[in-house]
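What follows is the residue order along each chain.
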Amino acid sequence: QLQKPKLILDNGLRLDGRRPDEMRPIRIELGVLKNADGSAIFEMGNTKVIAAVYGPKEMHPRHLALPDRAVLRVRYHMTPFSTDERKNPAPSRREIELSKVIREALESTILVELFPRTVIDIFMEVLQADAGTRLVSLMAASMALADAGIPMRDLIAGVAVGKADGVLVLDLNEPEDMWGEADMPIAMMPSLKQVALLQLNGNMTPQEFRQGLEMAQKGIETIYNLEKEAIRSKYAEYKEE
Ligand code: ADP
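Residues numbered from 1 in each chain as written. Predicted model: local features only at pLDDT ≥ 70, side-chain atom pairs only at ≥ 80, totals over all residues. Heavy atoms only, no water.

Draft legend 1. The arrangement of the overall build of the protein in detail. Helix and strand counts for the protein come out as 4 helices and 10 strands. Its helices and strands in sequence order give the protein the pattern β-β-β-β-α-β-α-β-β-α-β-β-β-α, from N to C terminus. The globule rule puts the C-alpha radius of gyration for 241 residues at 18 Å, and the 18 Å found for the protein is close to it. Taken along the three principal axes of its C-alpha coordinates, the protein extends 60 × 40 × 35 Å. (Helix = DSSP H or I, 4+ residues; strand = E, 2+ residues; numbered from the N terminus. Rg over C-alpha atoms; globule rule 2.2 N^0.38 Å.)

Right under this line is the structure:
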């Protein structure tokens, strides 16, 4: 689409029928891969990401190991079939940058100091992209790490807020991401009340920023409860077995 569509309709609803402060439906499933130490699928509307975790394991080559902590190797990648036109599978600049941003967020929660001289490999594959893939990838990784039993300070939950046709909107979809005036992904460690990731593309007034932050925090609380529920239901399965 080459021309900006109307993002907020006359009835105040968004193109996908949501209210401005409404998130897309969320689905979380842990332990979806047999061969990884931990794995998860995280879906937010049409954005779908699978994550796999290996480790902690001995670091090879040895000289890349750190004496006092685990090294995180993190790969964010979009599958060729995740976008409407086939995406080149080679890692793009954007994917390299997002891998770094996600690694830094994960380093704030994983207790890396418990596993010196080791490496933890974290892979995220975007299966389907409809905006918000960095956050959904980060949350998929957080769930896969929990599935692998890797100790963390807290889970990570995140959602974007932005501005579309002058209206603050929660959990942007692709047209809002593309045509909106602002896009601010926020991820938190909710129990610790700490920010793990915050970026801003576009413009917001200080008041919009404060309102947006409040809106995001409500969404994050909802997501956090769904994450805890997903972990609990996995353990309930084990108990039954
Ligand atoms: P995020 O996915 O975290 O919101 P961006 O703001 O960079 O990150 O991307 C917004 C959206 O644009 C993506 O979620 C995806 O839907 C779309 N997009 C990104 N890269 C591509 C690409 N190479 N081809 C087609 N669509 C893309």
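Draft legend 2. Seen up close, helix α4 (residues 206-240). Relative to the 51 Å expected for 35 residues at 1.5 Å per residue, α4 spans 51 Å between its end C-alpha atoms, a close match to the ideal helical length. Residues of α4 that are buried make contact with β1 (26-30), β2 (38-44), α2 (133-147), β6 (157-164), β7 (167-170) and β8 (182-189). (Expected span 1.5 Å × (residues − 1). Contact = heavy atoms within 4.5 Å.)

Draft legend 3. Region of interest: the nonpolar core. Residues L106, I110, I120, I122, M124 and L145 are the most contacted members of the largest nonpolar core, which totals 67 residues. In terms of residue count, the dominant contributor to this core is α2 (10 residues). Not counting residues up to four positions away in its chain, the partners in contact with I120 are V53, Y54, P56, A70, V71, L72, R73, I110, L145 and I150. (Core = buried A, V, L, I, M, F, W, Y, C linked by side-chain atoms within 4.5 Å. Buried < 20%, exposed > 50% of the residue type's maximum accessible area, 1.4 Å probe, protein only.)

Draft legend 4. How the structure looks around the side chain of E227. Here E227 lies in helix α4. Buried charge without a partner: E227 forms no salt bridge, and the closest opposite charge is K228, 8.5 Å away. Beyond its immediate stretch of four places on either side in the chain, E227 contacts I28, F42, M139, M143, L155, I156 and A157. (Lys, Arg positive; Asp, Glu negative; His and termini not counted. Salt bridge = Lys/Arg side-chain N within 4 Å of Asp/Glu carboxyl O.)

Draft legend 5. Quick peek at the packing of aromatic side chains. Under the defined criterion, the tally for this structure stands at 1 aromatic pair. Residues Y54 and F123 carry aromatic rings whose centres are separated by 6.1 Å and whose planes lie at 80° to one another, so their mutual orientation is edge-to-face. You can see Y54 sitting in strand β3 (residues 47-58) and its partner F123 sitting in strand β5 (residues 118-128), a full 69 residues away along the chain. A relative accessible area of 29% places Y54 in the partly exposed class. (Phe/Tyr/Trp six-rings, centres within 6.5 Å; stacked < 30°, edge-to-face > 60°.)

Draft legend 6. The arrangement of the sheet that holds β5 in detail. Taken in spatial order, the 5 strands line up as β1-β2-β3-β5-β4 in an open sheet, and their pairing is mixed. Looking at strand neighbours, the two that pair on one side only are β1 and β4 (71-78), the edges of this open sheet. Here the average twist between neighbouring strands, direction ignored, is 15°. Two strands pair when backbone bridges link them, and β4 and β5 are joined in this way by 8 bridges, in the parallel orientation. The residue of β5 that forms the bridge with M78 is V126. Those strands touched by helix α1 (residues 93-107) are β4 and β5, and its axis lies near 140° from that of β4. Seen against the sheet, α2 touches β1, β2, β3, β4 and β5 and runs at an angle of roughly 145° to β2. (Pairing = 2+ DSSP bridges. Axes fitted to C-alpha atoms, helices over the stretch in contact; angles between N-to-C directions.)

Draft legend 7. Representation of α2 within the structure. Helix length check: α2 (15 residues) gives 20 Å between terminal C-alpha atoms against 21 Å at 1.5 Å per residue, within 8%. Positive phi shows up at G149, right after α2, with a value of about 75°.

Draft legend 8. Quick look at a negative patch on the surface. Where like charges cluster on the molecular surface, the negative patch consists of D84, E85, E174 and D177. When you line up the elements, D177 lands in helix α3 (residues 174-179). Among the residues examined, D177 registers a relative accessible area of 34% and is labelled partly exposed. (Patch = residues over 30% accessible without salt bridge, like charges linked within 9 Å, V, L, I, M, F, W, Y side chains within 5 Å. Areas by Shrake-Rupley, 256 points an atom, 1.4 Å probe, with all protein chains shown as cover. Charge placed at Lys NZ, Arg CZ, Asp CG, Glu CD.)

Draft legend 9. Expanded view of the site of the ligand. Around the ligand, the neighbouring residues are M78, T83, R94, A129, D130, A131, G132, T133, R134, E174, D177 and D183. Between the ligand and the protein, one listed contact pairs an oxygen atom with a side-chain N or O atom of R94 at 2.8 Å. A distance of 2.5 Å separates an oxygen atom of the ligand from a polar atom in the side chain of T133. For the ligand, the protein covers 74% of the area, taking 530 Å² as the surface of the free molecule. Secondary-structure elements contributing two or more residues to the shell around the ligand are α2 and α3. Of the residues that constitute the shell around the ligand, the class distribution is 3 nonpolar, 3 polar and 6 charged. (Near = heavy atom within 4 Å. Polar contact = N/O pair within 3.5 Å; in protein donor to acceptor, adjacent residues only side chain to side chain. Nonpolar A, V, L, I, M, F, W, Y, C, P; charged D, E, K, R; others polar.)

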